Structures are given as structure tokens and as C-alpha cells.
Amino acid sequence: MKNLFGTMAISLGMLASTGAIAESWTLDSDQSIVAFGSVKKDTIGEAHSFQRLSGKVATDGTAEVEIDLTSVQTNIDIRNERIGEHVFGGAATAMLKASIDMDEMAALGVGESLVTEIDGDLALLGQEIPVYLDVFVMRTTADQVLVTTNSMLYVSTEEAGIDPGIDKLMQLADLPGITRTFPVTMRLIFDAEA
């Protein structure tokens, strides 16, 4: 599960333009998304996403980002339901917790960017999974930060503990195969709360 949702750990405690640290930073759920892909029958690629995310970063760099697993969108209603029931086992959320290097983030001016490494833990389906990722960070305004994946991520279903759920999806849809490694991309926007 390394790399899974790792960018969520960067819900940043950036400095405001005055140089003072904002009280907290909040994820803009309307502009943020986690997307992932799958391939079935060896040749049919499909794009999916989680539509609802939330998160905050405290001034000490403690970051928490929550993924609403019930918001999975595969563009097929019955598949959304089956993923929720069989892959996620009815779990409502996954939570990523990490500690951010505030000094590194504080050095960014408006329009500046950096690539940085993030380490954290993802709570998914009752287990804590270490995550690691390189992310691209840009300070778009004094009060807003953009965070994206810096390269393509690949998530192993075995490491995530969801292989039995994938097996069940294959059975229900009468498919000969679904990939066991999924590419993941993320776009996260954080707004300062002074």
C-alpha cells in the first residue's frame, strides 16, 4: 500500500504572505479529487475516483485527510455499490495521518513550487499501512496551495488487503480478470484559515 493516497499527507501548513503561520489549512473538497484506474479483460481501461475528501493541517504540521469510501464513482451505479460492499467491506472512510516539514513548506513564495517526500500512515479497513510518496507542491496564492502526484502511483491490491473483494467483483461481473495493480493520481487544494 506504499504510495496509496500518499499525497494526502501534504495537506500543508504553509505560511501566509505576511510570514505568519496560518492557524490551520483546510482541504477544498470541491476542487480536490483522488482518481484511480483499472483494466478488465486485459484490454479495457476505465477511470474511477473518490468524490468526497476532507482534511486539515495544524500549525505544528500534523496532517489528517479523510477519504469518503462511499463516494467512489466508477460511472456504473451497480459497480459503485459492489465496490463499497465487497472491496471496502462497508467501511465508510479511510484516514491518512502524517507529519509535515513546516520549514520546507514555509520557504515557498507565491508561484513557487517544490517536489518533496512525504511519509505517513493510512488507516484502511482496520489496518495501519505505511505510505511514502513524492509530491509536487505549488503555492498558487498567499492563502492557497496545490498538491499533486509528481509521478504515476501504482497500488497493489494484495498489499491493500482487498484481493478477496476484487475476486468477488470478477465473479459478480463474470470477468476473466481485473488488474491487481491500480494507477492512482491526485489533485488536492488547501486553503488557509487565519
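For the structure, check the block above.
This is a predicted model, so every value here is computed, not measured.

### Digging into the pattern of salt bridges
Right, on to step 1. Evaluation of the coordinates by the stated rule reveals seven salt bridges.
Right, on to step 2. Of the charged contacts, one joins Glu46 and Arg79 as a salt bridge, the two residues approaching to 2.8 Å between their closest N and O atoms. Highlighted residues: Glu46 in strand 3 (residues 44–50) and Arg79 in helix 1 (residues 77–87), separated in sequence by 33 residues.
Right, on to step 3. Between Asp163 and Arg180 there is a salt bridge, with its nearest N and O atoms 3.0 Å apart. One end of the pair, Asp163, is in helix 4 (residues 163–173); the other, Arg180, is in the loop between helix 4 and strand 12 (181–193), and 17 residues separate them in sequence.
Right, on to step 4. Each of Lys40, Glu46 and Arg79 takes part in a single network of salt bridges with overlapping partners.

### Topic: unusual backbone geometry
Right, on to step 1. At Leu125, a position not held by glycine, the phi torsion is positive, near 55 degrees.
Right, on to step 2. Mapped onto the secondary structure, Leu125 falls in the loop between strand 8 (113–124) and strand 9 (127–141).
Right, on to step 3. Judged by its relative accessible area of 32%, Leu125 is partly exposed.
Right, on to step 4. The phi torsion at Asp174 lies on the positive side, around 55 degrees, for a residue other than glycine.

### Here we look at the side chain of Thr26
Right, on to step 1. Relative to the assigned elements, Thr26 resides in strand 1 (residues 24–27).
Right, on to step 2. Thr26 gets classed as buried once you look at its relative accessible area, which sits at 19%.
Right, on to step 3. Within the local environment of Thr26, its side chain forms a polar contact with the side chain of Glu193, the two groups lying 2.7 Å apart.

### Focus on helix 1
Right, on to step 1. All of the buried residues along helix 1 are Arg79, Asn80, Ile83 and Val87. Looking straight down helix 1, one finds that the buried residues subtend no more than 105 degrees of arc, so they occupy a single side. Every exposed residue of helix 1 that faces more than 90 degrees away from the buried side is listed here: Asp77, Glu81 and Glu85.
Right, on to step 2. Contacts from the buried residues of helix 1 go to strand 2 (33–40), strand 3, strand 6 (72–73) and helix 4.
Right, on to step 3. After helix 1 finishes, the residue Gly89 shows a positive phi value of roughly 60 degrees.

What counts as what
- Residues numbered from 1 in each chain as written.
- Predicted model: local features only at pLDDT ≥ 70, side-chain atom pairs only at ≥ 80, totals over all residues.
- Heavy atoms only, no water.
- Salt bridge = Lys/Arg side-chain N within 4 Å of Asp/Glu carboxyl O.
- Helix = DSSP H or I, 4+ residues; strand = E, 2+ residues; numbered from the N terminus.
- Buried < 20%, exposed > 50% of the residue type's maximum accessible area, 1.4 Å probe, protein only.
- Polar contact = N/O pair within 3.5 Å; in protein donor to acceptor, adjacent residues only side chain to side chain.
- Arc of directions from axis to C-beta.
- Contact = heavy atoms within 4.5 Å.

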